[in-house]
Each structure stands twice: as structure tokens, then as C-alpha cells.
Amino acid sequence: MSKTTDFSTHIIDGYTCKGNFITLGGGILDGEAIANTHVKIPLKTLNRHGLIAGATGTGKTKTIQVLSEQLSLNGIPVLMMDIKGDFSGIAMPGEEKSFITERHEKISIPYETKGFPVELMTISEQNGVRLRATVSEFGPVLFSRILDLNDTQAGVVSVIFKYCDDNSLPLLDLKDFKKVLQYATEEGKSEFESEYGRISTSSTGSILRKIIELEQQGAELFFGEKSFDIQDLLRIDENGNGYVNIIRLTDIQDRPKLFSTFMLSLLAEIYNTMPEQGDAEQPELVIFIDEAHLIFDQASKALQDQIETIIKLIRSKGIGVYFITQNPMDVPTGVLAQLGLKIQHALRAFTANDRKAIKMTAENYPDTDFYETDEVLTSLGIGEAFVTALSEKGTPTPLVATMMRAPMSRMDILTTTEIETCIVKSKLAKKYNEVLDRESAYELLNKKIAEAQEIATEEEEQKEETKRAKEEPSTTEVIGKSITKVVTSASFIRGAFGLLMKMFKR
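Residues numbered from 1 in each chain as written. Predicted model: local features only at pLDDT ≥ 70, side-chain atom pairs only at ≥ 80, totals over all residues. Heavy atoms only, no water.

Asker: Describe in detail the nonpolar core, supporting the description with residues and values.
Answerer: Core analysis: the biggest nonpolar cluster contains 139 residues, and Met81, Phe177, Phe288 and Phe323 have the highest contact counts within it. The element best represented in this core is helix α9 (residues 256-273), accounting for 9 residues. Beyond its immediate stretch of four places on either side in the chain, methionine 81 contacts Ile247, Leu249, Phe259, Phe262, Met263, Leu266, Ile287, Phe288, Ile289 and Asp290. (Core = buried A, V, L, I, M, F, W, Y, C linked by side-chain atoms within 4.5 Å. Buried < 20%, exposed > 50% of the residue type's maximum accessible area, 1.4 Å probe, protein only. Helix = DSSP H or I, 4+ residues; strand = E, 2+ residues; numbered from the N terminus. Contact = heavy atoms within 4.5 Å.)

Asker: Describe in detail the packing of helix α5 (residues 151-166) against helix α7 (residues 189-196), supporting the description with residues and values.
Answerer: One can describe the packing of α5 onto α7 by two numbers: an axis separation of 12 Å at closest approach and a directional angle of 95 degrees. One finds that α5 runs roughly perpendicular with respect to α7. Of the residues in α7, those in contact with Val159, Ile160, Lys162, Tyr163 and Asp166 of α5 are Glu191, Phe192 and Tyr196. Looking at the contact of α5 with α7 residue by residue, the classes come out as 5 nonpolar, no polar and 3 charged. (Axes fitted to C-alpha atoms, helices over the stretch in contact; angles between N-to-C directions. Parallel < 35°, antiparallel > 145°, perpendicular 65-115°, else oblique. Nonpolar A, V, L, I, M, F, W, Y, C, P; charged D, E, K, R; others polar.)

Asker: How would you summarise the pattern of salt bridges if you had to cite specific residues and measurements?
Answerer: The tally for this structure, following the rule as stated, stands at 12 salt bridges. One salt bridge in this structure joins lysine 162 and aspartate 166, with 2.8 Å as the shortest N-O distance. Of this pair, lysine 162 and aspartate 166 both sit in helix α5, 4 residues apart, which is roughly one turn of the helix. Here lysine 175 makes a salt bridge to aspartate 173, at a shortest N to O gap of 2.9 Å. Residue classification places aspartate 173 among the buried positions, given a relative accessible area of 14%. (Salt bridge = Lys/Arg side-chain N within 4 Å of Asp/Glu carboxyl O.)

Asker: Hey, could you go over the packing of aromatic side chains for me, with residue numbers and the actual values?
Answerer: Using the criterion set out here, one finds 18 aromatic pairs in the structure. Both rings, one in phenylalanine 138 and one in phenylalanine 222, keep their centres 6.2 Å apart while their planes meet at 80 degrees; by these two values the pair is edge-to-face. Here phenylalanine 138, found in helix α4 (residues 135-147), pairs with phenylalanine 222, found in the loop between α8 (201-216) and β7 (244-248); they are 84 residues apart in sequence, far enough to count as distant. With respect to class, phenylalanine 138 is no different from phenylalanine 222; both count as buried. When the centroid spacing of 5.3 Å and the interplanar angle of 80 degrees are considered together, the rings of tyrosine 371 and phenylalanine 386 count as edge-to-face. Taken together, the residues span a long stretch of sequence, with tyrosine 371 in the loop between α13 (352-362) and α14 (373-377) and phenylalanine 386 in strand β11 (residues 384-388) at a distance of 15 residues. The class of tyrosine 371 is buried, set by a relative accessible area of 10%. Taken together, the ring pairs connect Phe138, Phe143, Phe161, Phe177, Phe222 and Phe223 into an aromatic cluster. In this arrangement the basic side chain of lysine 226 is found over the ring face of tyrosine 432, its NZ or CZ atom lying 6.0 Å from the centre. Over the face of the ring belonging to tyrosine 243 we find arginine 235, whose NZ or CZ atom lies 4.1 Å from the ring centre. (Phe/Tyr/Trp six-rings, centres within 6.5 Å; stacked < 30°, edge-to-face > 60°. Lys NZ or Arg CZ within 6 Å of the ring centre and 35° of its normal.)

So, in C-alpha cells, the structure goes:
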């Protein structure tokens, strides 16, 4: 039996699915595509998370586009973090070109063009459906971890949340939290001390500085109302295609704190909202996180631990999370170990450190008799990648160099006019883009302080009036003293004696 026949049998057996699946492409051996060796990924294992890695320009973006299209066709909604602004073209049909049809002939997959239902979203100043969350929805533990607080400072945050709960003070945005923090050590100091104990100004000062740091990265646009309903990510269009929700993040590449804050809050909200799925036939939602290193580069240890914990647990809710980055080493080991599907595009070996990294990467993949993995990793062409996944039984599938199928949608971005049209037509934009600023902790505390100051002023005025009343004589006393003064005056006496003398003479 020839090597090619052995390879075909090995791949066909390894990627046979009884249930529904998506097809990524066809197997490659010795640089040539082998017909009918389709690389099929079972839908039921797509909640086991994944990694898409590779050097710049090797085809990661198109791979994500293909995955999103195939998921949408199967009625599975997608949430995509678009850091570079590459994915909006998925809303429009692609263009059939000769090199695309030739590729598909080699891997025995028919090619057609198609656009997909898209929602453009934003957490920054870009146009799109506005995504927001309130401070209250974070809760004291998650909010403290985002700010990277120590135990003492986290305790203060818990007290702030408890005070707001006890006094019906909604914590909607960051100015609400800052106002309560200020109140705890100034106007409301005695109130806090009697109910919750003393709060040090050094702790509140440190917390305030962390909040200001977050604000400087644009967090004030994210915290507030109207809170985004996670169920709106799970929509299916009239044709049964899942929506591709694209969060436009091109203007926050230099604000990793905001990005990691948003990602953690989103994953936590999805985890807390979605019901347990068990072993479902397909995921409820698949999330793609582009430039994943931005989450981990400046995240605290506590924040990384929280993300790792959620990744471990969220798959039971039917959610698959896929990290996209240049080097698999960008993802922490604890998270990397949770990833079932791995798609590895070419890596470049320009330095000794690069070669070491490639060898380490190769060791993360299953052994194979058909490839020298570390060598092939540097020779893969554009749109080619090593793939290994989980079978329907949960076992790793064979490692296979794959010629990836081409996207059916446009392999370019939308124009400005097309983006505006997409947003104008969006039902979610009408729902979430209205700015709300209802009465919350900031306004209520300001009102409380103003009322307290007014009462204090009135009491002070009453005290002053009482004091003046004690110090100043009454009207009767003034009149009496005046009469006495007149009666006892020398002129009055002389006049009285004169009057009496006249009366005696008569």
C-alpha cells in the first residue's frame, strides 16, 4: 500500500463523523493536496474551545472567516472580537476567482459565494451597536479583580457594594462608584463607621487611582446603561443562519486593560446567564478572540486565574471560545490545556529563539508518521495549516496539514457607506444606542449631601437666632428702660418741680 493511500485511509478514518460537522478543507501530503481527505470537525465538540495561531500573513483571518461562515450555516451564532477591522466583509458575498476555484477542485469541495447576517458592535467610540454593563452587574469580587486590588482594598469595595444595596443606591457607572467612595471618607464617614467600620483614606485613594487608570482607557463608555442582553447574541435570521456579531475594536489596541475588562465581564455574564447544556449536539454560541495576547499581556495574576476558571466552566453552557494569536506561547499554559481544536498556520524561524519556540510548539501536537512537524511548520503556504481536533468520542484526531477552503463571503472589509447602512438597518442599534442616565448613586448621594447641608444650615441659623435672642433685650425691657431713663433725667425732674410750684401758687 502506498504512502498516499495510507495517508488517505488514516485521515478519512480519523475525521469520519456520524453527526453534523463543518468541513475546513482537505489534507496535504508532501506539499500536494490529496483529494477527498476532508478535514471534518464535529459540531458537538466545538464547545471544547480552540486555538488559531500563526505568523502574520499566513491566513489566520480567512480561517476565522471560514469557521464563522460554516457555523452560521449550521444555525450557530458567532461573536467575533475584531481588533484589526478585518472581518466586516463577511456581510457581503465574495467574488469567484480562478485561484479559488482551482483550490477547491484540489480538495474536492464545491465553491459558492454568499453573504451572512451581521451585527456590527462597539465598546468604544466607533459606530455600531453599543455594548454596556453596569458596575452592579460586575459585583464586588469581579470588580476588585479587574482593578487588581489587594485584600484590604477588595474589602472596601465589598463594603461599598453592601452600603449601596442597603440604601437602594444603584451603581450604574464609574462616577457612581467614585461618589460613594468619596462619601465613605468625607460627608458619610460617621455613617459608614457606625454601620460597617472605619474605612481608611489610603485604601480609598488607591482604589480611586485604579479607577482613573481604567477611565483613561475609555471605560466610561463601557460602564453604564442600557445593559446588553446576552440573549441578543444568540439570534438566528429568517433563513436559519446564525448571526455573526462583530465587535469593532480597532481603536482599543493600545488599551489592553479595557479589552481584558470587557472580555472578562462578557464571559462571566454569559456563564451566569446561560443554562447548563450537558453534551449537546452543537454549541449555542462560538466566540473568537483575535489578538488574544492583549487579554493576557497586562492582566494581573488574579485576572488570568479568573479567565482560566471561566474557560474551564463555560463549555458546559454550550459556549466555545477560540483564541487567535501569532504564537501559541502567548496563551497561558492553563488556558492552552483547555483547547480542543488547534489550527496552526506557518511560523517563521528568523532567530534561535524562533526555532526553539517552533520546537516547543511542535511538541504540543499529536505524533504523526506522515510529517516532521517542526519542519513542516515553517514551510506551510498561505491558507495552509496543521489541524487537530477532538473526535465525537472526545479523542484527538490525527494531525493533518490542511489546505483550507476559501471564504464564501467578501475577503475584504466593508466600505464606510456599507457599514453605515448595516448599522441603520440594525434592530439592536435602535435598542441599545439610546444613552440613559437615570437617577443613581451619584445623583442620590449629591441630593442627600445637599439636604444634609440645608438642614445643617437651618440648624445653625436657629442657633444664631436663639443666641441673639438671649443677648438682646426684649421690647418691654427697652421701653421700660427708656421710661426710667426719661423719668430720672435732670430735665424731667426740673420740669416736674416747676409744674408743682405753679400748682402750689394757685
